[in-house]
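The residues making up each chain are set out below.
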Amino acid sequence: MPELPEVEALAQDLRGRLADRAIAKVHIVAFSALKTFDPPVQALEGTLIDDVTRHGKFLDIDASGLHLVFHLARAGWIRWRDELPPVPPRPSNKSPLAVRVVLDDDTGLDVTEAGTKKSLAAYVVRQPSDVKGIASLGPDPLAEGFTIDRLAEILKGAGRAQVKGVLRHQGTIAGIGNAYSDEILHAAKMSPFKPANGFTDGELQTLFDAIRDVLGDAVERSRGLAASELKGEKKSHLAVHGRAGEACPVCGDTVREVSFADSSLQYCPTCQTGGKPLADRRMSRLLK
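Everything numeric in this text was worked out from a predicted model, so none of it was measured.

Draft legend 1. Main features of the packing of helix α5 (residues 178–188) against helix α6 (residues 201–222). Relative to each other, α5 and α6 sit at 125 degrees, their axes nearing to 9 Å. Put simply, α5 runs oblique to α6. Crossing handedness for the pair α5 and α6: right-handed. Residue-level inspection shows Y180, E183, I184, L185, A187 and A188 of α5 in contact with α6, the latter providing T206, L207, A210, I211, V214, L215 and A218. Along the lines of polarity and charge, the residues of the contact of α5 with α6 split into eleven nonpolar, one polar and one charged.

In structure tokens, the structure reads:
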């Protein structure tokens, strides 16, 4: 799933490509992807693109006062096309294409979604906050307003909720998903099951630093990369996420996994849990 660093890099890449371009046509190929009806998609035709920004994991194309917003969900992506075919795309269950944005010079974007589970979302709105998911976002962890005191408030308010879930909840902190929450907790040397209200002042500082460092470093590594290069860059720099069974790059212990109904987490026992493997999802505690 694209998370804060990848969506930020996409916004930076597209900002340069779309500057001073006009939208000629927007083709909605997967009708289930479009979540709004007013303004209509046709209202974007002829608008001049002013900016491309990010809100959490949402990508926002600002065009003459209207906003074309995408949430790429788990398997969505944006592909730049130097040349688009003149024939409009047809809906097809066999094609990953969900939305095509055609520009005034016949270049454009293909917004795709792999797999059979379709969760990608597109919105045409007058302001970003008209998208419910954006209106409910928590603070951006790379923004100046995200301070250690703000993090302390978030953790205290979460009670005994597991810190992994707190980091992932978009209404609590915007932009962190399954992959980077694993990476942040590995960098902080903390169990993903640690209660949110169980942090000492020193642990709070460690977690805050890990959030800023892991996300900030990922954004810097991605800066200047084309969209086609971002997935490979992300995967090549993950220490534990998606690497169950491999050696931890810090200590050499075997990276372990805890599986849930629709996701999994990865961690290093030596670095994060005192050498003890975590229990499965039914116990959610350390094995004795």
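Draft legend 2. Geometry of unusual backbone geometry. Following D38, the chain continues to P39 via a peptide bond in cis, the omega torsion being 5 degrees. Within the secondary structure layout, P39 lies in the loop between β1 (23–28) and β2 (49–55). Positive phi, close to 55 degrees, is recorded for A73, a residue that is not glycine. Tracing the backbone shows A73 in the loop between β4 (66–71) and β5 (76–81).

Draft legend 3. Molecular detail of the confidence of the model for the protein. For the protein, the average pLDDT comes to 93, and 97% of its residues sit at 70 or higher. Counted against residues more than four places away or in other chains, residues 282–288, with its pLDDT under 50, gives 13 contacts.

Draft legend 4. Structural detail: the packing of aromatic side chains. This model, assessed by the stated rule, comprises two aromatic pairs. Each ring, one from F58 and one from Y123, has its centre 6.4 Å from the other, and the planes form 55 degrees; the classification is tilted. Here Y123 lies in strand β8 (residues 121–125) and F58 lies in strand β3 (residues 58–63), a separation of 65 residues in the sequence. Pairing F146 with F208 gives two aromatic rings, centres 5.9 Å apart and planes at 15 degrees, and the pair type is stacked. Taken together, the residues span a long stretch of sequence, with F146 in the loop between α2 (132–135) and α3 (148–157) and F208 in helix α6 at a distance of 62 residues. For F208, a relative accessible area of 12% translates into the label buried. Its guanidinium or amino end placed over the ring of F199, K194 lies 5.0 Å from that ring's centre, counting from NZ or CZ.

Draft legend 5. Structural view of the pairing of β2. Relative to β3, β2 is paired through six bridges, and the arrangement is antiparallel. Residue H55 lies in a different strand from β3, and its bridge partner there is F58. Counted along the chain from β2 to the antiparallel partner β3, the turn is two residues long, and its residue G56 has a positive phi close to 60 degrees.

Draft legend 6. Summary view of α5. The buried count for α5 comes to ten of eleven residues, which makes it a mostly enclosed element. When we look at burial in α5, the residues that qualify are N178, A179, Y180, S181, D182, E183, I184, L185, H186 and A188. Summarising the contacts, the buried residues of α5 are in contact with α1 (4–18), α4 (163–168), α6, α7 (227–236), β10 (264–267) and α8 (269–272). Once α5 finishes, K189 follows within two positions and takes phi at roughly 60 degrees, a positive value.

Draft legend 7. Inspection of the environment of A122 at higher detail. Position of A122 among the secondary structure elements: in strand β8. Judged by its relative accessible area of 1%, A122 is buried. Sequence separation of A122 and G159 is 37 residues, and the distance between their C-alpha atoms is 34 Å. When near neighbours in sequence (up to four residues on either side) are disregarded, A122 contacts A33, L34, K35, T36, V69, F70 and V99.

Draft legend 8. Spotlight on the pattern of salt bridges. A full pass over the atoms with the stated rule returns 18 salt bridges. Two residues, R150 and E153, come together in a salt bridge whose shortest N-O distance is 3.4 Å. Of the two residues, R150 and E153 are both situated in helix α3; the distance of three residues between them amounts to about one turn of the helix. For R150, a relative accessible area of 31% puts it in the partly exposed group. Among the residues examined, E153 registers a relative accessible area of 51% and is labelled exposed. For the salt bridge of K194 with E203, the shortest nitrogen-to-oxygen distance reads 3.3 Å.

Draft legend 9. Representation of the sheet that holds β4 within the structure. In space, the four strands of this open sheet follow the order β2-β3-β4-β8, with antiparallel pairing throughout. Taken across any chain shown, the strands that pair with only one partner, and hence form the sheet edges, are β2 and β8. Pairs of neighbouring strands in the sheet enclose a mean axial angle of 15 degrees, with direction left out of account. Running at roughly 175 degrees to β2, α1 makes contact with β2 and β3 of the sheet.

Parameters and conventions
Residues numbered from 1 in each chain as written. Predicted model: local features only at pLDDT ≥ 70, side-chain atom pairs only at ≥ 80, totals over all residues. Heavy atoms only, no water. Axes fitted to C-alpha atoms, helices over the stretch in contact; angles between N-to-C directions. Helix = DSSP H or I, 4+ residues; strand = E, 2+ residues; numbered from the N terminus. Parallel < 35°, antiparallel > 145°, perpendicular 65-115°, else oblique. Left-handed = near helix turned anticlockwise from the far one by under 90°. Contact = heavy atoms within 4.5 Å. Nonpolar A, V, L, I, M, F, W, Y, C, P; charged D, E, K, R; others polar. pLDDT = per-residue confidence, 0-100. Phe/Tyr/Trp six-rings, centres within 6.5 Å; stacked < 30°, edge-to-face > 60°. Buried < 20%, exposed > 50% of the residue type's maximum accessible area, 1.4 Å probe, protein only. Lys NZ or Arg CZ within 6 Å of the ring centre and 35° of its normal. Pairing = 2+ DSSP bridges. Salt bridge = Lys/Arg side-chain N within 4 Å of Asp/Glu carboxyl O.

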